[in-house]
Amino acid sequence: MNPMEVFQKEAPEVAEAFNGLIEALKSTSGLDARTKQLVYIGIKAAMGDTTAVYYHVAMAKQLGATRDEIKDTILITLSVCGLKGVASCLPVALEVYDKAE
């Protein structure tokens, strides 16, 4: 079971509120959806969150992000957070990108 399914099953009220927040963020107009996904991937890679990177790379690809954009998004975290995010998230991201349709 993926982490979001557990969250929704175990805390449905909180998950519903969280989903409302996500929908509100998706509807803002300052950045397009592809750019928002790239920013999210960069933040999560900086945190070393391979699970989030795994799911959001496929979303970014569906929105038109290129493999080089995904790679650069993760590489740019190197100057802020060091090697951890790049070492843990770049292999996952590129594998997901290459397999996603």
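Our subject is the structure listed above.
Engineer: Looking at this model, I keep getting lost on the pattern of salt bridges. Mind explaining?
Structural biologist: Pairs may arise between side chains of opposite charge once their charged atoms sit close together. Here the structure, examined in full by the defined rule, presents seven salt bridges. Between Glu-10 and Lys-9 there is a salt bridge, and its shortest N-O distance comes to 3.9 Å. We classify Glu-10 as exposed; its relative accessible area is 57%. Between Asp-98 and Arg-67 there is a salt bridge; the shortest N-O distance is 2.8 Å.

Engineer: What's the story with the packing of helix H3 (residues 33-46) against helix H5 (residues 67-75) in this structure? I'm lost.
Structural biologist: Two numbers describe a pair of packed helices, the interaxial angle and the distance between the axes. It is at 8 Å that the axes of H3 and H5 come closest, and there the two elements cross at 40°. In terms of axis orientation, H3 runs oblique to H5. Here H3 runs over H5; the crossing is right-handed. Residues Arg-34, Leu-38, Ile-41, Gly-42 and Ala-45 of H3 form the contact with H5, whose own contacting residues are Glu-69, Ile-70, Thr-73 and Ile-74. Taken together, the residues of the contact of H3 with H5 sort by class into five nonpolar, two polar and two charged.

Engineer: Looking at this structure, how should I read helix H7 (residues 83-99)?
Structural biologist: One full turn of an α-helix is made of 3.6 residues, so residues set three or four places apart face in the same direction. In this model, H7 (17 residues) spans 24 Å end to end at C-alpha, consistent with the 24 Å of a helix rising 1.5 Å per residue. Maximum bend of H7: about 35°, positioned at Cys-89, with proline Pro-91 one to four residues after it. Every buried residue of H7 is accounted for by Gly-85, Val-86, Cys-89, Leu-90, Ala-93, Leu-94, Val-96 and Tyr-97. Check the buried side of H7 and you find it contacts H3, helix H4 (50-62), H5 and helix H6 (78-81).

Basis of the calculations
- Residues numbered from 1 in each chain as written.
- Predicted model: local features only at pLDDT ≥ 70, side-chain atom pairs only at ≥ 80, totals over all residues.
- Heavy atoms only, no water.
- Salt bridge = Lys/Arg side-chain N within 4 Å of Asp/Glu carboxyl O.
- Buried < 20%, exposed > 50% of the residue type's maximum accessible area, 1.4 Å probe, protein only.
- Axes fitted to C-alpha atoms, helices over the stretch in contact; angles between N-to-C directions.
- Helix = DSSP H or I, 4+ residues; strand = E, 2+ residues; numbered from the N terminus.
- Parallel < 35°, antiparallel > 145°, perpendicular 65-115°, else oblique.
- Left-handed = near helix turned anticlockwise from the far one by under 90°.
- Contact = heavy atoms within 4.5 Å.
- Nonpolar A, V, L, I, M, F, W, Y, C, P; charged D, E, K, R; others polar.
- Expected span 1.5 Å × (residues − 1).
- Bend = angle between axes of the 7 residues up to and from the residue.

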